[in-house]
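The residues making up each chain are set out below.
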Amino acid sequence: MREPATEMISIEKKPANPLIQTWKIFFKKLRKNRAAMVGGFFIVFFIITAIVGPYFTPYAPETTDVVNKLAPPSADHWFGTDHHGRDIFSRIIHGMSITLYVGFASVILGATVGVVLGIISGYYGGRIDTIIMRTMDVLLAFPGILLALAIVSVLGGSLQNVIIAVAISSVPVFARIVRGSTLAVKQLEYIDAVRALGASDFRIIFKHILPNVSSPIIVQATLSIATAILSASGLSFLGLGAQPPTPEWGAMLSDGRNYLYNAPHVALYPGIMIVLIVLAFNILGDGLRDALDPKMKN
Amino acid sequence: MVTKSDSTENILEINDLRTSFFTEDLEVKAVDGVSFTIPKGKTVGLVGESGSGKSITSLSILQLVDAPGKIVGGEINFKGENLLDKSEAEMRKIRGKEISMVFQEPMTSLNPTYTVGQQIGESFMIHDKVSKKEAYKRSLEMLKLVGIPSPEKRIDQYPHELSGGMRQRVMIAIALAGNPELLIADEPTTALDVTIQAQILELIKDLQERLNMSVLLITHDLGVVAETCDYVAVMYSGKIVEYADVRSIFNNPQHPYTVGLIHSLPPHDRDIEGDLPVIKGAVPSPSEMPEGCRFAPRCPFASEICNTLPQLKTDERGNQVRCWIYTDEWDGDPEVNVREKERTS
Amino acid sequence: MLTYIIRRLLQTIPVIIGVSLIVFSLMHLIPGDPAQIMAGESAPKEQVENIRERLGLNDSYPVQYWNYIRDAAKGDLGSSIRSGRDVTEEIGGRFWVTVELAIYSTALSVFLGLIAGIVSATKKYSWQDVTLMVLALFGLSMPNFWLGLMLIKWFAIGFDLPSWIPFIENTSWFKPSGWGSFQQVVLPVITLGTGGAAIIARMTRSSMLEVIDQDYIRTARAKGAKERVVIYRHALKNALIPVVTVVGLQFGALLGGAVLTETVFAINGLGKLIIDAIQARDFPVVQGSVLVVSLLFVLVNMIVDITYRYLNKRIDLN
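Residues numbered from 1 in each chain as written. Chains lettered and ligands numbered in written order. Predicted model: local features only at pLDDT ≥ 70, side-chain atom pairs only at ≥ 80, totals over all residues.

Remarks on the overall build of chain A
Thinking step 1. Counting secondary structure elements, chain A contains eleven helices and zero strands.
Thinking step 2. If you list the helices and strands of chain A from N to C, you get α-α-α-α-α-α-α-α-α-α-α.
Thinking step 3. Relative to its full complement of 298 residues, chain A shows a buried share of 47%.
Thinking step 4. The long-range fraction of contacts in chain A, counting pairs at least 24 apart against all pairs at least 6 apart in sequence, stands at 70%. (Helix = DSSP H or I, 4+ residues; strand = E, 2+ residues; numbered from the N terminus. Buried ≥ 20, exposed ≤ 12 C-beta atoms within 10 Å, placed from the backbone. Contact = placed C-beta atoms within 7 Å.)

This is the structure in C-alpha cells:
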C-alpha cells in the first residue's frame, strides 16, 4: 500500500488517494466471483419482487377465507392458506418489503452511528476513544439477541422498535472495525502529506479516511443485514415485533407454530423465504470480502 | 545415462530436471532442465539470484514442491536410484533419513506449539521407531552436537524462547537426527546476523567433516561459497550456466554471468573506489523469457548467435559452461576475454 | 501472564458496571409510569403505589442504582411482581437448564464444526469441501427457531414411512417439548448447535488453510512425517488456537439464542423465563435474568481471552 502512494506523490501535486486504483480491481474481482454475483442477483430479484410483487399477488394479504382455512398448497393457493384462510404466497410477497426494510433500515441506522463513533474513536484517540470503546464493550457483553430483546421489551413490541433495537445491537461491530481501519489509514504517509497541505480534520476524515475504510464497512454491512433479518424475524416470532395482521415472516412463523400437526406448510414457507434472503446476503457478503478485503477474516 | 562407476562417486546426479508452476493461463518454468552432480562427501554450492530457481531445485529433490508447482520431467538419481520413480511412501523414508533439509527462515520453520526436544525427537520416532524416552535422550545428544549451550534447559523450551541463531541450530539438529548422507541447506544463514552466519556455516562445515556427509548449499552469496564449497553450480533463470570446482570458479570463471557475480563481490585485499560493478538489468520475468541464452539481454558480449540457446559444454577437467563464446560457432569477437572486458568496462 | 490475567480481570469491572447500569436503566426507559404498567391498566391506585414503594421508584436515580447494585452484589435481585418470589430463586431453578442446553449445543457444534472444517481444508475445492461449505452457509442463514419447528414436525410429530421400509413405521422418535430425557434433549440441541457448527466449520477451514502454508509444515514433511501426522499433529494444533475464540463467543451466542429455542421447545430455562416475564411485564425478573446471562457471557469471554492469550504466546513468532 505504501509504495504506490509515495510513487504517486512524486508524480502529481496533490497526494493521491490509493482508493481509486482499488475500485477497478474490486469490480474485476467481483465479476470473477461467481457466488457473489449469484447472491447479488438474488438480492436484486428480491428487491424488485418487493416493489412490484404486491401489485400482482392473486389475493390481498388480509383477505380471509373461512372455508379454506389451513388449506394445503394447491393450484389456487401455491403455498396454502393459514388459520384465517389467508393466502400464504400473497402474504409472503407482501412481507418481502417489510423484511428488506427492517434489514436495510436497522443496518443503515446502526452503521451510521457505529461509523461515526469508530472514526471519532480512531482519529482522536485519548479519553474519548476509551469512553466510546468501553461503551461498545458493554453493548457487546449482551449475548446474541438479548440486547435487542431487552430494548424491545421496554419500548414495546412494534416494527419501529425492532429496527431501533437491532440497530443499537449492530453499532459496536461497526465502531470496532472502523476504529481499527481509521488507525491504520491514519498512519499512511499520504494522510501526513494531506495534513501538511493544511487540510482540516473534517476534510481529512470525509475526503481521505472515510473512503479508505469503506470496503470493510460495505462488507460488514452486507453481513449485518443478514444478521439483522434473522434477529428481527426472531423478535417478531416471539411476538415482540410486527403485530398481526402484518404479513411479517417471523410473525407468520409464530402463527404456523400452532398448526405443525395438521398444517405444517404454514410454518414451512415463511421460513424457507427467510433462509433464502439471509443466504443471499451472506453469499454476497462473503464475495465482497474476498474481492475487497482478502485479509479480513470472519 | 548413469553408469555404475558414476554412482559410486556421486551421491546425487540431477539430469534435465524440470519443475513448473501452473497458473490459470501460463506455465512458469521455475526449473528448466537443470543438471548437476554432487560428489560423495563434498559440498556443492548452488548459486543464483532470487528467482533463479535454486530453492525450487532443492525442494524438487525431496519432492516437497507445493501446488501449483509440479515436477514435469528429468531424473534425480540418488545413490544410483531415480527418486522420481519412488512412491510417496518410499520418499517419506528418504526424507529426514537419507536426505535432510535446513530451511532459510529459522523463525518460522519450527512449529511454535511443540518444544525443541519434541521436534527433534519426532525424527527419531519416525525413522528409528524409538520410544519417547529414547527420542528425548537422543535429542539431547543432538543439541550437544550442534553446540547449543545448556541443552538440558533448551530441550524443554518452545521456539519463541530461542534466538534466531539457536533456532537454526535446532533446525540443523532436526535435519541431522536421521544421520543423513546428503544435507540440503537452503540459504541457511540469510535470515541471521552476520556474526551468527559465520558460526552456522562453521557448524555445517564441521559436522560435514565429522559425519562424512555430502552437502548441497543453496545461496546467493558467493562469499559463503568461497569459504565452504568444493564445487559450484551457478544458476540463472531456471538453468545451470556454469558448473566447476570452487578454485576454477573464482580464478577462471567462464560464463559472463559468473564473472559479473564475482566482480560484484567486495574485494578482501583492497579498498574500493566508487561503486562496486553491478550486473545491469534484472532477471527476466517468466512471461518475457528470451528464446535463446537467458542471460543474453544483460550480457555485455551478446552476439547474434546468442538468440539460440547454448548447451552445457564439458571440458577435460569436468567443468561445464553454457555459453557460445567457448564453441566453434561463436560469431562475436574471436579474441574476447570475458574477464578482461568486464574489468575495464 | 499473571499480569495479563490481572489486567483482564480489572478490564471486566467497568464492563460489569456498564452492564448493570444498562439493565438498571431498562426499567426507566419504559414509556409512562413503570409501576402503573406493571400493575396493569386498571389496577387500583394503592396497588400501583405499593409496587412503586417496593421497587423504590420514589428515590432519585443514583440512589436507586446504588441500592440495585448493592443488593445485586449480595445476590438479591428483587422480587417478581407476578409471583412475589425472589428473582434469584426464580432464576436459580432455571439457570442450569439453560447452561446445560448451551454446553450440549456448544459440544455438538464444536464436534461437527471441527470435522467439517478439517475435511474441507484438507480436501480444498473437492466436492466434499464444496458440499460442506454450502451446508455451512445454509446453517449460518437458517433462523434456529424455524429449524426447531421443522425438526419437531419431522422427528417429533414425525411422518409415516412407506411400508417397504422394514422395522420403522414412522419418524416420531423424539419429544417436541420439555427438558431432561434423551428424547427431549436431542432436538433442541441440534436446533441450537447448527448455527455454531457452521461458524466453527468456516473458521476451522480458513485457519487450517492458513496454517498449512506455514514453513513449519514443510519442515514436518521434510522430516518424513506422514501426511496424517502433518495435518493432525502439526497443522491442527496451531489452527485450533483462533478457533478457541470462536467457540467462546459461540457459547455466549447460544445463551442468547436459547431464548428462541426454549420458546420453541417449551423448555423452562432462563430464556423462556425472560420471554414469559416480558409478556407479563414482570420487569424485575427481566432485569435479573438479563443481568445473570450477560455476566455469565462476560465471564466466559474472559476465560476464553486468557486461554487464547496463553496458547497464542507461543504462536506469536515475531
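A word on the sheet that holds strand β1 (residues 10–22) of chain B
Residues and elements named next belong to chain B.
Thinking step 1. As summarised here, the arrangement of the four strands in space is β2-β1-β4-β5, forming an open sheet in which the pairing is antiparallel. At either margin of the open sheet sits one strand with a lone partner, and together these are β2 (27–39) and β5 (81–82).
Thinking step 2. Where strand β4 (residues 69–78) meets β5, two bridges bridge the pair, whose relative direction is antiparallel. Within β5, the residue paired with Phe78 across the bridge is Glu81.
Thinking step 3. In the packing of helix α2 (residues 54–61) onto the sheet, contacts are made with β1, β2 and β4, and the angle to β2 comes to roughly 70°. (Pairing = 2+ DSSP bridges. Axes fitted to C-alpha atoms, helices over the stretch in contact; angles between N-to-C directions.)

A look at the nonpolar core
Thinking step 1. Residues Ile229 of chain A, Ala173 and Ala233 of chain B together with Ile200 and Ile274 of chain C are the most contacted members of the largest nonpolar core, which totals 259 residues.
Thinking step 2. The residues contacting Ala173 of chain B, other than those within four sequence positions of it, are Ile120, Met142, Leu143, Leu145 and Val146 of chain B. (Core = buried A, V, L, I, M, F, W, Y, C linked by C-beta atoms within 7 Å.)

Brief notes about the arrangement of the chains
Thinking step 1. Of all two pairs of chains in contact, the one with the most contacts involves chains A and C.
Thinking step 2. At the level of C-alpha atoms, the two units chain A and chain B stay apart, their nearest approach being 13 Å.

Concerning the sheet that holds strand β3 (residues 43–47) of chain B
Thinking step 1. The strand order across the open sheet formed by eight strands is β6-β7-β8-β3-β9-β10-β12-β11 (chain B), and the pairing between neighbours is mixed. Two strands lie at the open edges of the sheet, namely β6 (99–102) and β11 (313–314) of chain B, each paired on one side alone.

A short note on the interface of chain C and chain A
Thinking step 1. Taken together, the contacts link 41 residues of chain C with 36 residues of chain A.
Thinking step 2. Those elements giving two or more residues to the side of chain C that touches chain A turn out to be α1 (2–29), α6 (127–141), α7 (144–157), α8 (182–212), α10 (227–264), α11 (270–279) and α12 (283–315) of chain C.
Thinking step 3. Here the side of chain C that touches chain A takes eight residues from α10 of chain C, the largest share from any one element.

Quick look at the pairing of strand β10 (residues 239–245) of chain B
All names here are of chain B.
Thinking step 1. Most of β10 sits inside the fold, with six of its seven residues counted as buried.
Thinking step 2. Pairing analysis gives six bridges linking strand β9 (residues 231–236) to β10, with the strands arranged antiparallel. Looking across to β10, one finds that Ala233 is bridged to Tyr243.
Thinking step 3. Taken together, β9 and the strand that follows it, β10, pair antiparallel across an intervening segment of two residues, in which Ser237 is found at a positive phi of about 50°.
Thinking step 4. As judged from the two bridges shared by β10 and strand β12 (residues 320–321), these two strands associate in the antiparallel manner. Considered in β12, the bridge of Glu242 is made with Val321.

Side note on the environment of Arg298 of chain B
Residues and elements named next belong to chain B.
Thinking step 1. Within the secondary structure layout, Arg298 lies in the loop between α11 (256–263) and β11.
Thinking step 2. Residues Arg298 and Ala282, 16 residues apart in the sequence, show an inter-C-alpha distance of 7.7 Å.
Thinking step 3. The contact partners of Arg298, leaving out residues within four places of it in the chain, are Ile279, Lys280 and Gly281.

Topic: the environment of Asp82 of chain A
Residue and element names in this part refer to chain A.
Thinking step 1. As for its placement among the helices and strands, Asp82 is situated in the loop between α3 (34–52) and α4 (88–124).
Thinking step 2. Take Asp82: there are 26 C-beta atoms within 10 Å of it, and that puts it in the buried class.
Thinking step 3. Taking the C-alpha atoms as reference points, Asp82 and Gln187, separated by 105 residues in sequence, lie 59 Å from one another.
Thinking step 4. If we skip the residues at most four places from it in the chain, Asp82 touches Leu70, Ile88, Asp255 and Val266.

Things to note about helix α5 (residues 126–140) of chain A
Thinking step 1. In this model, α5 of chain A (15 residues) spans 21 Å end to end at C-alpha, consistent with the 21 Å of a helix rising 1.5 Å per residue.
Thinking step 2. For α5 of chain A, the elements touching its buried residues are α4 and α7 (159–186) of chain A together with α1 of chain C. (Expected span 1.5 Å × (residues − 1).)

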